[in-house]
Amino acid sequence: WKSLTPDQRRGIEMSTGREFGRRYGKAWDADAAGGRKIAQDRGNEIIKLSANEEKRWRAASKSAYNAWIDEMNKKGLNGQQMFKDLLEIMAKYEKS
């Protein structure tokens, strides 16, 4: 890694992020389903936030999102675009 140029590092980071997400997202989803079942078997209630409550949580999290975007930008990546891509992917899978 240290022997790579900044452009090469950036290329690797940008090209592996989405592929990593696609490849491992399905596995994480499967693990999450198992975790949900364990929680429910133990008597825990799993709820879906209302649209208003989800909006409130997102607003409260905005500073964390912005900090991450700034961190990515400092690494020479397009943090805003990466975050936009993330939101689009989340929206796609929330529908399914």
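Data block above holds the structure.
In what follows, the accompanying structure is described. (Residues numbered from 1 in each chain as written. Predicted model: local features only at pLDDT ≥ 70, side-chain atom pairs only at ≥ 80, totals over all residues. Heavy atoms only, no water.)

1. Quick notes on the side chain of Asp85
Within the element layout of this structure, Asp85 appears in helix 3 (residues 79–94). Among the polar contacts made by the side chain of Asp85, one reaches the side chain of Gln81 at a distance of 2.8 Å. (Helix = DSSP H or I, 4+ residues; strand = E, 2+ residues; numbered from the N terminus. Polar contact = N/O pair within 3.5 Å; in protein donor to acceptor, adjacent residues only side chain to side chain.)

2. A look at helix 2 (residues 51–74)
Taking 1.5 Å of rise per residue, 24 residues should cover 34 Å, and helix 2 covers 33 Å from first to last C-alpha, within 8% of that figure. Of all the bends in helix 2, the largest measures some 45° and sits at Ser61. One or two steps after helix 2, the chain reaches Gly76, where phi turns positive at roughly 85°. (Expected span 1.5 Å × (residues − 1). Bend = angle between axes of the 7 residues up to and from the residue.)

3. A word on the pattern of salt bridges
Summed over the entire model, instances satisfying the criterion amount to five salt bridges. For the salt bridge of Lys75 with Glu71, the shortest nitrogen-to-oxygen distance reads 3.8 Å. Glu71 gets classed as partly exposed once you look at its relative accessible area, which sits at 41%. (Salt bridge = Lys/Arg side-chain N within 4 Å of Asp/Glu carboxyl O. Buried < 20%, exposed > 50% of the residue type's maximum accessible area, 1.4 Å probe, protein only.)

4. Thoughts on a nonpolar patch on the surface
Taken together, Ile47, Leu49 and Trp57 make up a surface patch of nonpolar side chains, about 320 Å² in accessible area. Tracing the chain through its elements places Trp57 in helix 2. (Patch = residues over 30% accessible without salt bridge, like charges linked within 9 Å, V, L, I, M, F, W, Y side chains within 5 Å. Areas by Shrake-Rupley, 256 points an atom, 1.4 Å probe, with all protein chains shown as cover.)

5. Brief notes about the packing of helix 2 against helix 3
Interhelical geometry of helix 2 versus helix 3 gives an angle of 140° and a closest axis separation of 9 Å. The orientation of helix 2 relative to helix 3 falls into the category oblique. You can see that helix 2 and helix 3 cross each other, and the crossing is right-handed. Judged by residue contacts, Glu54, Arg58, Tyr65, Trp68, Ile69, Met72 and Asn73 of helix 2 engage Gly79, Gln80, Met82, Phe83, Leu87, Met90 and Glu94 from helix 3. Taken together, the residues of the contact of helix 2 with helix 3 sort by class into eight nonpolar, three polar and three charged. (Axes fitted to C-alpha atoms, helices over the stretch in contact; angles between N-to-C directions. Parallel < 35°, antiparallel > 145°, perpendicular 65-115°, else oblique. Left-handed = near helix turned anticlockwise from the far one by under 90°. Contact = heavy atoms within 4.5 Å. Nonpolar A, V, L, I, M, F, W, Y, C, P; charged D, E, K, R; others polar.)

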